[in-house]
Amino acid sequence: MVAEACDSYEARPLDDGRTEVRIVIPARFADLWLVKLNELQGTLAELRPLADDGCV
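Residues numbered from 1 in each chain as written. Predicted model: local features only at pLDDT ≥ 70, side-chain atom pairs only at ≥ 80, totals over all residues. Heavy atoms only, no water.

Novice: What should I look at first to understand the overall build of the protein in this one?
Specialist: Each helix and strand in the protein was counted, giving 2 helices and 2 strands. Put simply, the protein runs from its N terminus to its C terminus through helices and strands in the order β-β-α-α. Computed over C-alpha atoms, the radius of gyration of the protein comes to 15 Å, more than 25% over the 10 Å expected from 2.2 N^0.38 for 56 residues, which places it beyond the range of a compact globule. Projected onto its principal axes, the C-alpha positions of the protein cover 40 × 25 × 15 Å. When the 56 residues of the protein are sorted by exposure, 9% land in the buried category. In the protein, the proportion of contacts linking residues at least 24 apart, taken out of those at least 6 apart, comes to 21%. Counting only carbon and sulfur atoms, one obtains 53% of the accessible surface of the protein, whose full area is about 5100 Å². Averaging the coordinates of the 6 positive side-chain charges in the protein and doing the same for the 11 negative ones gives two points 3 Å apart. (Helix = DSSP H or I, 4+ residues; strand = E, 2+ residues; numbered from the N terminus. Rg over C-alpha atoms; globule rule 2.2 N^0.38 Å. Buried < 20%, exposed > 50% of the residue type's maximum accessible area, 1.4 Å probe, protein only. Contact = heavy atoms within 4.5 Å. Areas by Shrake-Rupley, 256 points an atom, 1.4 Å probe, with all protein chains shown as cover. Lys, Arg positive; Asp, Glu negative; His and termini not counted. Charge placed at Lys NZ, Arg CZ, Asp CG, Glu CD.)

Novice: So what exactly am I meant to see when it comes to the pairing of strand β1 (residues 8-13) here?
Specialist: Looking down a regular strand, the side chains alternate between one sheet face and the other. Burial of β1 is sparse: only 0 of the 6 residues sit out of reach of the surface. Direction of pairing for β1 relative to strand β2 (residues 19-24): antiparallel, over a ladder of 6 bridges. By the bridge assignment, R12 is partnered in β2 with E20. (Pairing = 2+ DSSP bridges.)

Structure below.
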């Protein structure tokens, strides 16, 4: 979907270790992207090995 429904995207590391993702979307695909991003799901089992702050 990234190649067909966006003008550009960039993922870059931030100085504090987090990652920023920037997606530039044509207006006609805005609703599609918002729906897809809101539908992203993960399980606690997937998150636990990655969590280092004890929140999961």
